[in-house]
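Observations on chain architecture
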There are 2 protein chains.
Amino acid sequence: MTRWGKNYYMNTQNIIGYALIPPTGKSFRAMSPASDTELAGDFHVATTTDADAAMQLADKAFAVYRHTDAKTKAAFLRSIAEGITALGDELLNRCAAESGLPIPRLTGERGRTTGQLNMYANLLEEGSWVDAVIDTAIPDRTPLPRVDIRKMLVPVGPAVVFGASNFPMAFSVAGGDTVSALAAGCPVVVKAHPAHPGASALVAEVIMQAAQKHGLPDGVFSHLFDDGYAVGEALVKHPKTKIVTFTGSLKGGMALVKMARERDEPIPVFAEMGSTNPVILLPQALENRAEELAKTYSESVTMSAGQFCTNPGLLLAVKSEGLDRFKTALGAGIANVASATMLTAGICSNYQKLSKERLGNEAVNIVGKADKLNTENQNQALAVVSEISAADFLADDKFKEEVFGPYSMLIVADDMAQLEEVVGYLHGQLTATIMAEREELALYKPIIDKLSNLAGRVILNGPPTGVEVGNAMQHGGPFPATSDSRFTSVGTGAIKRFVRPVAWQNWDNDLLPDALKDENPLGIWRLFNNEWSRK
Amino acid sequence: MTRWGKNYYMNTQNIIGYALIPPTGKSFRAMSPASDTELAGDFHVATTTDADAAMQLADKAFAVYRHTDAKTKAAFLRSIAEGITALGDELLNRCAAESGLPIPRLTGERGRTTGQLNMYANLLEEGSWVDAVIDTAIPDRTPLPRVDIRKMLVPVGPAVVFGASNFPMAFSVAGGDTVSALAAGCPVVVKAHPAHPGASALVAEVIMQAAQKHGLPDGVFSHLFDDGYAVGEALVKHPKTKIVTFTGSLKGGMALVKMARERDEPIPVFAEMGSTNPVILLPQALENRAEELAKTYSESVTMSAGQFCTNPGLLLAVKSEGLDRFKTALGAGIANVASATMLTAGICSNYQKLSKERLGNEAVNIVGKADKLNTENQNQALAVVSEISAADFLADDKFKEEVFGPYSMLIVADDMAQLEEVVGYLHGQLTATIMAEREELALYKPIIDKLSNLAGRVILNGPPTGVEVGNAMQHGGPFPATSDSRFTSVGTGAIKRFVRPVAWQNWDNDLLPDALKDENPLGIWRLFNNEWSRK
């Protein structure tokens, strides 16, 4: 235990179910990226034996937790949200110290995190998410009678969740992956991200206490630290693991995907990986409001040091006088942006290296570059918007790759046909955006069409950053944006990753799960003999 | 072209869109498994160049077909059903000659095939399957306004469908995979199964004509022959292919899965592979109705020479006097079953080899064996029910594997605890069945629970064979039953394999797809601001 702030102690130990694991000797500390110094707390490195114990216990817990009623699960999620809120400034301060992210941004992220938990509690209480479908028997059907069949979604089993570095709350220990898995009825083993072990420990403790409070089975949640790869690998390869979620780099995601595929029993990995989030600036919009667009994008590119997965990394436009004004205004806007602390020293040096490489390429010019370096803090990223001709972009695959950080590249096409060629050449994306005047959209239908075929979310006249957490959100997209475009990792739809349909055939009414009983005791929406109803 | 029957000619050429591909020289013939002789028709082996051309054309067609309205798609599917019916006895006879399956079984399968097509036409006309979700803007929400977001399912792109040998219509050229892909809006390239090229050719012609009749884009459907693996491999590896479906062996399915994963852009393969479909016979049921159960299972095991994917390959029971009576009756029942022609000589010799190996194992005894060999026909399978102790079954992993054909193994446990251990040791399954008296079910909840965690469909008091095609069907299950337990290959749910959600953010109402417009012009069920409605 390490004291953190006035009122809290962080559990620096690994948690397996309701047990704190005695230290084995190896530990690591969090680094403050702003100061490049160690933060308090010796976090104990878990062993592969711990990973095995956590998965075995999760599997035992699953036998109970898969039948835990919706009300109890909802109350559990609400208690986690309350616990996170109760951590108050201690959590925000620790997050800020570990991530370098500013307090206002983290306050918003905390709201999103507790909002997600409460949203899933509501979803469970409403109950219709299980997609109940009922076809009752037709004994006198010819040539063959129809037997009674009823289907609903059930949890797949223990989930392994990797905490993400860029959202130390909303995509971490009690983030979207954990909450959607727990809501589905899957126990969760979190592999904490080593960049924010303190924030992870504080939240893990909250989840453990909430699970105890609601009498949930031992093992419904475990939390393991590792500053290396051994524990993560052991978790993904463990026979009791049934699904893995990850948010991070393409390289990291694909390494997990590969491991999961090579198991005796291959399992799905939902990996949200890289995305350059192309933004198309149509000619009329540039002509009419170049300066306004420049303002929007100088803010969007630099938000949280460009470390959002929806950061607009590519801007596409056709040469024009309006584009020249946009470039001038964007260049001026970017120059005024102060440097920002990146999440880790590694991420920062990678950003410096990649952006330097890009800018050193003779095909690449600079549109604008931030020059207000904060010399008091370390690991500072200065935003850059660069420029390349469409022909040069098309000539080299490496320009398609993401530069993680406040880096954006403007691709300048000679005409709309060439711009469309660039769109056709892009990889799968989380988002694709069009900035346009209403009257010009009809002219570019094929481009709009290509964008909606490329991405999980298509945006008109808005920045791709700012991901709404709700029913209609799709945060996912064709490879390499994610490992499976058929799912989302944000919003209520994220629960679908952790469930599979099971059909009950010819069971007596009282033996069926409540969601499938004739009298619909849960009052949920069901497809009953081909009619939607709540009766 | 080869004449087949009185009124039909089979196209023995490959079809790419609306073009018949000129022969390149290599061809193969179908074999009659009943006579081990060649059937009429020299089917031209496609080349990898043909595979490329088919996928390129499918991709072009996709740009149009993904927007084809539901009414047109529905009419297309209905025309295919009418065309298949119009082929009349010619199709049934050719299927029978190529597959060795009896005409009554094939007549049923044809009904299922046209039924599936019409079911999907209904689904499209009703329209709610796109899962439209709408969250309208809340400009005055604090701390941040909510932007308008609307989500629906859209097709992923060109699909490659492998015809299956065991259902020459219902899981072949116009089978469940093709129809659900076409319904979703995905062009389909079928790799015809070489065991029934004639039946495939007849149906492919029907689809081509139906596509033309409804003015669908060239390339919405293609049909390629190959008696080897080169064409299938080229199709799966082709960059324009976005999803693959397959029904067949574990080995074949996993080979495709591996190929699809190793692409630059990995794509999903929905492979339905092996399943032993365990059936648990509870003690009271055995005591009360051993003979009736024996009758049910002697029919279920031997149906279509045990070549259904839901064939009950494992029976589990605890030693008892009732079980002895069941064994006696089942042995007598099986002995009376006539031999049946298997689908191909290869499948038959594999069945002979595997069943001989099993029976040669000293842990395995015979409960019953068919001995009425039809000496007029070739490739005959005689049904066998064997027996093994639970301890011996648990001692060797090979007994878990499927023997494709009319082979079933009774696992005899000393007590219920040992039976439960066997259930815990089984692989994922398409189906799991319990034969029980009502009053004893409450005693064995943990076993029932384990079964529902193991399989896609759990059946009470009925044989697993006979797969209802409807909304509530789940034909899929944990690995190795399928490559992804979250999907089904039978019923309306099968369409979900071919679609992904896309969210539109901040679009004007008239620019949105009809399914997402404010006024709901399609009149479909939608989740509108968290309320289900058809308004």
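Residues numbered from 1 in each chain as written. Chains lettered and ligands numbered in written order. Predicted model: local features only at pLDDT ≥ 70, side-chain atom pairs only at ≥ 80, totals over all residues. Heavy atoms only, no water.

Moving on to the overall build of chain A. Each helix and strand counted, chain A has 13 helices and 27 strands in total. Across its three principal axes, chain A shows a C-alpha extent of roughly 75 × 65 × 40 Å. Here chain A holds 535 residues, and the buried ones make up 63% of them. A separation of at least 24 residues holds for 76% of the contacts in chain A among residues at least 6 apart in sequence. (Helix = DSSP H or I, 4+ residues; strand = E, 2+ residues; numbered from the N terminus. Buried < 20%, exposed > 50% of the residue type's maximum accessible area, 1.4 Å probe, protein only. Contact = heavy atoms within 4.5 Å.)

Now for the pairing of strand E21 (residues 384-389) of chain A. Residue and element names in this part refer to chain A. With respect to burial, E21 is a largely interior element, five of its six residues being buried. In the sheet, strand E19 (residues 365-369) pairs with E21 via four bridges, with the strands oriented antiparallel. Looking at E21, one finds that Lys369 is bridged to Val384. Sheet analysis places E21 next to strand E22 (residues 407-413), joined by six bridges and oriented parallel. (Pairing = 2+ DSSP bridges.)

For the rest of this paragraph, the subject is the pairing of strand E14 (residues 243-247) of chain B. All names here are of chain B. The element E14 is extensively covered by neighbouring structure, given that five of its five residues are classed as buried. Neither face of E14 is left uncovered, since the one carrying Ile243, Thr245 and Thr247 and the one carrying Val244 and Phe246 both have all their residues buried. Strand direction decides the pairing type here: strand E11 (residues 159-162) and E14, joined by three bridges, are parallel. Each bridged residue has a counterpart across the sheet, and for Ala159 the counterpart in E14 is Ile243. Bridge count between E14 and strand E15 (residues 269-272): four bridges; the pairing is parallel. Each residue of the ladder has a partner; that of Thr245, found in E15, is Phe270.

All names here are of chain A. Considered domain by domain, chain A is made up of domain 1 (2-7 + 41-126 + 155-273 + 487-496) and domain 2 (279-460). Across the boundary between the two partners, domain 1 contributes ten residues, which contact eleven residues of domain 2. Applying the counting rule to domain 1 against domain 2 returns zero salt bridges. Linking domain 1 with domain 2 are two residue pairs in polar contact (both at pLDDT 80 or more), by the criterion used here. Looking at the side of domain 1 that touches domain 2 residue by residue, the class counts come to three nonpolar, four polar and three charged. (Domains from an automatic or database assignment. Salt bridge = Lys/Arg side-chain N within 4 Å of Asp/Glu carboxyl O. Polar contact = N/O pair within 3.5 Å; in protein donor to acceptor, adjacent residues only side chain to side chain. Nonpolar A, V, L, I, M, F, W, Y, C, P; charged D, E, K, R; others polar.)

A separate point is the environment of Gln56(B). Checked against the element boundaries, Gln56(B) lands in helix H1 (residues 48-65). Sequence separation of Gln56(B) and Thr241(B) is 185 residues, and the distance between their C-alpha atoms is 9.1 Å.

Let us now look at the relation of the copies chain A and chain B. By a simple turn and slide, chain A fits onto chain B: the slide is 0.0 Å along the axis, the RMSD is 0.0 Å, and the turn is 180°. The operation mapping one copy onto its partner corresponds to a two-fold rotation axis. The C-alpha atom lying nearest the rotation axis in chain A is that of Arg261(A); the distance is 4.3 Å. Interface overlap between copies: 100% of the residues of chain A at the interface are likewise at the interface in chain B, consistent with a symmetric, same-surface contact. (Least-squares fit on C-alpha atoms with pLDDT ≥ 70 in both.)

Moving on to the sheet that holds E14(B). Residue and element names in this part refer to chain B. The strand order across the open sheet formed by seven strands is E4-E3-E13-E12-E11-E14-E15, and the pairing between neighbours is mixed. The open sheet terminates on both sides in strands that have one partner only, identified here as strand E4 (19-20) and E15. As paired strands, strand E12 (residues 188-191) and strand E13 (residues 221-224) are joined by four bridges and run parallel to one another. Note on E13: the bridge partner recorded for Val189 is Ser222. Strand contacts of helix H4 (residues 176-184): E11, E12 and E14, with the helix running at about 170° to E12, the strand carrying the most contacts. Strands in contact with helix H7 (residues 250-261) are E11, E14 and E15; relative to E15, the strand with the most contacts, it is inclined by about 170°. (Axes fitted to C-alpha atoms, helices over the stretch in contact; angles between N-to-C directions.)

Moving on, we come to the sheet that holds strand E26 (residues 526-528) of chain B. Pairing between the strands of a sheet is mediated by backbone hydrogen bonds and can be parallel or antiparallel. Read from one edge to the other, the open sheet built from twelve strands follows the order E19(A)-E21(A)-E22(A)-E17(A)-E16(A)-E23(A)-E24(A)-E25(B)-E10(B)-E9(B)-E26(B)-E27(B), with strand pairing classed as mixed. Two strands close off the open sheet at either side, each with one partner strand: E19 of chain A together with strand E27 (531-533) of chain B. In this sheet, neighbouring strand axes are inclined to one another by 20° on average, regardless of whether the strands run parallel or antiparallel. As paired elements, strand E16 (residues 279-281) of chain A and strand E17 (residues 314-318) of chain A share two bridges and run parallel to each other. Following the sheet pairing, Ile280(A) is matched in E17(A) by Leu316(A).

Attention now moves to the packing of aromatic side chains. This structure, assessed with the given rule, holds 17 aromatic pairs over all chains. Pairing Phe162(A) with Phe246(A) gives two aromatic rings, centres 6.2 Å apart and planes at 75°, and the pair type is edge-to-face. Remark: Phe246(A) occurs in strand E14 (residues 243-247) and Phe162(A) occurs in strand E11 (residues 159-162); sequence separation between them is 84 residues. Each member of the pair, Phe162(A) as well as Phe246(A), is classed as buried. Ring geometry for Phe28(B) against Phe43(B): centres 6.1 Å apart, planes inclined by 45°, an arrangement best described as tilted. Of this pair, Phe28(B) sits in strand E5 (residues 27-28) while Phe43(B) sits in strand E8 (residues 43-44); the two residues are 15 residues apart in sequence, bridging distant segments of the chain. This pair shows no difference in class: Phe28(B) is buried, exactly as Phe43(B) is. Grouped by ring-pair contacts, the aromatic residues Phe28(A), Phe43(A) and Phe225(A) constitute a single cluster. Over the face of the ring belonging to Tyr425(B) we find Lys400(B), whose NZ or CZ atom lies 4.0 Å from the ring centre. (Phe/Tyr/Trp six-rings, centres within 6.5 Å; stacked < 30°, edge-to-face > 60°. Lys NZ or Arg CZ within 6 Å of the ring centre and 35° of its normal.)

In this complex, chain A contributes 70 residues to the contact, which on the side of chain B involves 70 residues. Where chain A packs against chain B, one counts ten salt bridges. A salt bridge links Arg438(A) to Asp510(B); its shortest N-O distance comes to 2.5 Å. Our count for the contact surface shared by chain A and chain B stands at 47 residue pairs in polar contact (both at pLDDT 80 or more). Elements that contribute at least two residues to the side of chain A that touches chain B include exactly helix H1 (48-65), strand E9 (133-135), strand E10 (149-155), helix H7 (250-261), helix H13 (445-454), strand E24 (455-460) and strand E25 (499-505) of chain A.

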